[in-house]
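# An overview of the molecular structure
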Amino acid sequence: MKMREKWSFLLLAVVFAVSTLLSGCGSSDKDGSAGSDGKGAIKLGFVCMNLGNPWFVSVKKGFEDACKEEGVEALTIDSQYKVDKQVNDMESLVSAGYSGIMISPIDQNATKSIVDKAKAEKIVVSCVAQSQDNVNMRYIVDEYSYGEAIGKQAAEWINKTLGSKDKVKVAIISQDNVDSVIPRGNGVEETIKKMCPNVEIVSRQAGDTPELGMKIIESVLQQHPDLNVVVATNDSGGLGGYQAMVGANISGDDRAVFSGDATSECLAAMKKPNSIYRGTVDLFPYKAGYESAKMLIKYIREGIPATQETIVFDPVPVPAEDLLSGKYVPKG
């Protein structure tokens, strides 16, 4: 073969190899691409209100596991309870051309415009936990009902254990720093008052982190060393309240801590010998993150339904006896 013919043959071989490679970059439902609609690879972002809360860490894990299963790129951003940061976080994902965004809104009024902008640019948007009313799909907590579930568990224990006492002192650690979560605290307080006529609410303060929960109850104990029950609207605050009680050497059958979220940290505290941490409520956050991601991917691949879909968490009480007996088994 002459030299010129050899070079021509090599050139054709290279061209054929490149064209074959490019044609092999087509889409399938498992490779993260959006299918034959020309949208390209799918990228999902989760803009979380606060990853300092172990509950949202479980949501994040479910979200990322679902994306991994589907071969989809996933990014989680912690807005650190800062409204302005959350808006900027959303804007960065929109500017980066993400296919779908899941948000746990701190203030849905603040993020309304950027959600509308994302949808106008054909980005699918969902919310998890707290509601963002203008998204395509919601996976939300009925805040008041959640508070009722937490409050009912505490009230039942009070009536069973302390029903004969003239006065039972209760401190509530709320999340009143987040407007959308205020009804949860109301559900706790109103349910306890309704079910337990001998209860005195000696304090209701916002403290949805272990540090704040501890600080609140340490302060309450200075005025009310005979405090009987701490009820928190989430486990993070409840764990802080529990540590304050333990730190003050408070124990016994007439003391208790209740909260909601069923985080691994809370369950570990409930399992300790003679623990006064007597109950929590599970919303199965891993499932919420997992299912939300799956639905976003489905919307991207198959199209957005004409009407908004809404899933509401179903609170499941977890009393200490169910955890210790094995009747309740954590999931996710």
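Residues numbered from 1 in each chain as written. Predicted model: local features only at pLDDT ≥ 70, side-chain atom pairs only at ≥ 80, totals over all residues. Heavy atoms only, no water.

Identification of the chain as Sugar ABC transporter substrate-binding protein from Selenomonas sputigena is taken from an unreviewed UniProt entry. As recorded by UniProt, the Sequence similarities (unreviewed entry) comment attached to the chain reads in full: "Belongs to the bacterial solute-binding protein 2 family." The heading Subcellular location (unreviewed entry) in the UniProt record of the chain holds the text "Cell envelope". (UniProt positions renumbered as here; feature names shortened; annotations may be inferred.)

## A look at the side chain of Thr233
Examined against the element boundaries, Thr233 turns out to sit in the loop between strand 8 (229-232) and helix 8 (235-247). Thr233 gets classed as buried once you look at its relative accessible area, which sits at 1%. Within polar-contact distance, the side chain of Thr233 engages the side chain of Gln175 at 3.1 Å. The residues touching Thr233, leaving out its near neighbours within four places in the chain, are Tyr146, Ile150, Ile173, Ser174, Gln175, Arg184, Gly185, Val188 and Gly260. (Helix = DSSP H or I, 4+ residues; strand = E, 2+ residues; numbered from the N terminus. Buried < 20%, exposed > 50% of the residue type's maximum accessible area, 1.4 Å probe, protein only. Polar contact = N/O pair within 3.5 Å; in protein donor to acceptor, adjacent residues only side chain to side chain. Contact = heavy atoms within 4.5 Å.)

## Looking at the confidence of the model for the chain
Within the chain, residue pLDDT values average 90, and 88% of them lie at 70 or more. This model gives residues 1-33 a pLDDT under 50, and the stretch forms 25 contacts once residues within four places in sequence are excluded. Contacts of residues 35-39 to residues separated by more than four positions or lying in other chains number five contacts, the stretch itself having pLDDT below 50. (pLDDT = per-residue confidence, 0-100.)

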